[in-house]
Protein chains: 2
Amino acid sequence: MNIQEIIQSPRVRWMEQQAGSESIVISSRVRLARNLAAIAFPNRFDGEQARQSMEEICAAGAAMQGQYTVEAVAFDAISPLQRQILVEKQLVSPEHAQNGSPVHGVMLNADASLSIMVNEEDHLRIQALLPGLQLSGCWEQADAADDLLEQRLEYAYDGKWGYLTACPTNMGTGMRASVMMHLPALQMSGQSRGVFQRLSQLGLAVRGIYGEGSEASGNFFQISNQVTMGQSEKDLCEYLTGVVLQVAEQELLQRQQLRQKSARELEDKVGRAFGLLRYARLMTSQEALALLSDLRLGVDMDVIKGLGPADITELMVCIRPAHLQQYSGLEMQPHERDVRRAELIQEKLRGTEHA
Amino acid sequence: MNIQEIIQSPRVRWMEQQAGSESIVISSRVRLARNLAAIAFPNRFDGEQARQSMEEICAAGAAMQGQYTVEAVAFDAISPLQRQILVEKQLVSPEHAQNGSPVHGVMLNADASLSIMVNEEDHLRIQALLPGLQLSGCWEQADAADDLLEQRLEYAYDGKWGYLTACPTNMGTGMRASVMMHLPALQMSGQSRGVFQRLSQLGLAVRGIYGEGSEASGNFFQISNQVTMGQSEKDLCEYLTGVVLQVAEQELLQRQQLRQKSARELEDKVGRAFGLLRYARLMTSQEALALLSDLRLGVDMDVIKGLGPADITELMVCIRPAHLQQYSGLEMQPHERDVRRAELIQEKLRGTEHA
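We now turn to the structure provided with this report. This structure is a prediction, so every number in the text was calculated from the model and none was measured. Counting from 1, residues in each chain are numbered in the order their sequence is written. Both sets of labels track the order of writing: A upward for chains, 1 upward for ligands. Where local features are concerned, this predicted model is filtered to residues with pLDDT of at least 70; where side-chain atom pairs are given and counted, the filter is 80 or more; whole-chain, interface and lining totals use all residues. To obtain the side-chain values, all non-hydrogen atoms of the structure were used and water was disregarded.

Digging into the interface of chain A and chain B
Link 1 in the chain: Any two residues having at least one pair of non-hydrogen atoms within 4.5 Å are treated as being in contact. Of the residues lining the interface, 22 residues belong to chain A; the matching set on chain B comes to 22 residues.
Link 2 in the chain: Here chain A packs against chain B, burying approximately 1900 Å² in sum over the two surfaces, 54% of which is carbon and sulfur.
Link 3 in the chain: Summed over both partners, buried area is the accessible surface (1.4 Å probe) that two parts give up on being assembled. Ranking the residues of chain A by area buried against chain B places R272(A), Y279(A) and R281(A) at the top, with a combined share of 37%.
Link 4 in the chain: By definition here, a salt bridge exists when the distance from a side-chain nitrogen of Lys or Arg to a carboxyl oxygen of Asp or Glu is within 4 Å. The interface formed by chain A and chain B includes two salt bridges.
Link 5 in the chain: The closest approach of N and O atoms between R272(A) and E287(B), which form a salt bridge, is 2.8 Å.
Link 6 in the chain: N or O atoms closer than or at 3.5 Å make up a polar contact, with two conditions inside protein: a donor-capable atom paired with an acceptor-capable one, and, for residues adjacent in sequence, both atoms drawn from side chains. Connecting chain A to chain B are 10 residue pairs in polar contact (both at pLDDT 80 or more).
Link 7 in the chain: What counts as a helix is a DSSP run of H or I of at least four residues, what counts as a strand is a run of E of at least two, and both are numbered from the N terminus. Residue contributions to the side of chain A that touches chain B peak at 11 residues, all from helix α9 (residues 263–279) of chain A.

Right, here's the structure in full:
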């Protein structure tokens, strides 16, 4: 896919979660923060330096080949709505998408499993995104892309401090690894609070689905490392993977309890979500996300037939404002979006049945 | 139908509301309070007098013919569950059904449009029940039955005070006329409070669906006269009919407003009720009644297809505890009833569609 196709497509690589097992870990991401040695960092650079940084990085990107072939787009070349679609697909940050300028942009590979933001907080933010729990896979991909870029770019690097970044919390490896998890049973049993406290003690951050500052919606959570120094990237990924597997184990245990002790209540919860998603005629993003969380639990636990976890992930992305407007071909006010969102959900759920 | 068939049947006469027009008035009822002159009233009689009253009234009932042919049943001959079913069908009062004795009972005609409680608060409570707004029809039927009974019974009657009753508020005509109305649009627009205040000023009482002391559920209300003296029964019925028509007119006006100004919100409200009724797996009476109110509005306003107002009335009765247990053939705890209620609603709604 080229970038226009990625914008048009309902799915990109990280959303393609396999059906079958319980889909507790939705996706994995590794991002590396890098800066050019010869140019002031984005929080201090001037227009000319920004242009130069953009040019050098895009040239290095254009030279990447194979799995890592990327296409670059400057943000003045696409509309604010299209940039917002990239945000909703989690390929660029909300802050970065604010810039409609020729010196800000992104480079994407064909399935958008590699996304390189240019002139965001750092000159480069190299992100690898994959479905399910694949942090090592993400790291390998980001690392390989980083190596290819480094053949043509000179990074700001210090023998003692490692990679230098605009914000000191990113220094060292420059790596942030994160997973998006769906933890409805831990939430229902009231155990998530204790779990999150332990994660915090382990130096991990728990955030809402849309990253920093966003509230947790629909029992979806992002778990990421805070420490970027003193450990190798591989070790960090393995450490986070181990912790995530433990959290998934606890979620699974609660789901078994739910199935054994409250099967009817579970079916009721899932059935109500399904009934509202199918027959409501007005729906906010917030309500849709909460109901899709219940539906996802129903898919995982075989209460809902004819729908896979990737379908739910697709719906979670497609109901967001920019996607809704893109598919409808027109700008819409919030009330119109609530109408269109309900319609879209009903179109996508046709053929699905509650057991 | 005989009494056993009436108990088994999902519908009796007053529930048979015609499809088509908006079903704002669900049913009409006229009841006459009468007592025997020679026997102490039920609040003061002894066992022997109770037996004698029961015997005389049942003998008079047995002599009634044609449309008014009734069958009598003493309450020791049917189970508490069966008596509760008669309560839920609104054929006997909850208080009366408490008595499992041979000196308490009811006489019903074949379609249960005539129900004569024996040894309730008064020796006789003659009730006529019909679907829709038919107060004059109810009055004629109750009056005719009353005439037939009076050929064989000597009533307690005073030239000045009229029919004498256990409670002075019933003296005079002994008549209470009432209608059950469905007023969702007046409730949604917040206008019902003002309307009910005016009704109270006009000497009318507004009560919940299950009569005195019951809270209004699901926007269903009983409106009845308070005054039983100083006006003929016919005039009272005509007066109440006139007022009810005005209230119905106001409800209709609000429904038109709803259709014109908030069609989408209406469809959403009805759709959500439909979705929950079809897919919930646990449902309390209270929630079911509230959702059936929304569904009834949807039927009236053509948002729901394949269902008539009588189907909703039937559901409103069939989901009550005694009916649920009767149809399931077993006694059930509240949680089991919530399960069975959800199942029953789904069976009845099969084949119905939301437009």
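Overview of the sheet that holds strand β5 (residues 124–131) of chain B
All names here are of chain B.
Link 1 in the chain: By definition, two strands form a pair when at least two bridges between them are found by DSSP. Taken in spatial order, the eight strands make up an open sheet running β2-β3-β4-β5-β1-β8-β10-β9, and their pairing is antiparallel. Two strands in the sheet have a free side with no partner beyond their single neighbour: β2 (71–74) and β9 (204–207). When strand polarity is set aside, the average angle formed by the axes of neighbouring strands in this sheet is 20°.
Link 2 in the chain: The sheet contact formed by β9 and strand β10 (residues 220–225) spans four bridges and is antiparallel. Bridge pairing in β10 links A205 to S224.
Link 3 in the chain: Axis lines are fitted to C-alpha atoms, over the contacting stretch for helices. Their N-to-C directions set the angle, which ranges from 0 to 180 degrees. Helix-sheet contacts for helix α2 (residues 47–62) involve β2, β3 (105–108), β4 (114–118) and β5, and the interaxial angle to β3 is about 5°.

Details of the packing of helix α3 (residues 80–88) of chain B against helix α12 (residues 321–328) of chain B
How two helices sit against one another is set out by the angle between their axes and by the gap between those axes.
All names here are of chain B.
Link 1 in the chain: Closest axis-to-axis distance for the α3/α12 pair is 8 Å, and the angle between their directions is 130°. Relative to α12, the element α3 is oriented oblique. Our pair here, α3 against α12, has a crossing hand that is left-handed. The segment α3 lies against α12, with L81, Q84, I85 and E88 engaging P321, A322, H323, Q325 and Q326.
Link 2 in the chain: Note on residue categories: nonpolar means Ala, Val, Leu, Ile, Met, Phe, Trp, Tyr, Cys or Pro, charged means Asp, Glu, Lys or Arg, and polar means any other residue, Gly included. Along the lines of polarity and charge, the residues of the contact of α3 with α12 split into four nonpolar, four polar and one charged. Note on terminology: angles under 35 degrees are roughly parallel, angles over 145 are roughly antiparallel, angles of 65 to 115 are roughly perpendicular, and the others are oblique. Should the near helix be turned anticlockwise from the far one by less than a right angle, the crossing is left-handed, and should it be turned clockwise, the crossing is right-handed.

Points about helix α7 (residues 192–201) of chain A
All names here are of chain A.
Link 1 in the chain: In this scheme, a residue with accessible area under 20% of its type's maximum is buried, one over 50% is exposed, and one in between is partly exposed, where area comes from a 1.4 Å probe on protein chains only. Buried within α7 are the following residues: S192, V195, F196 and L199. For α7, the angular spread of the buried residues around the axis is 95°, confining them to a single face. Exposed side chains of α7 directed beyond 90 degrees from the buried face belong to R193 and Q201.
Link 2 in the chain: Residues of α7 that are buried in the fold lie against α6 (184–188), β9 (204–207), β10 (220–225) and α8 (233–261).
Link 3 in the chain: Immediately beyond the C-terminal end of α7, within one or two residues, lies G203, with a positive phi of roughly 80°. In this description, the arc belongs to the directions extending from the helix axis to the C-beta atoms.

Fair warning: the whole summary comes from geometry, so function is off the table for now.
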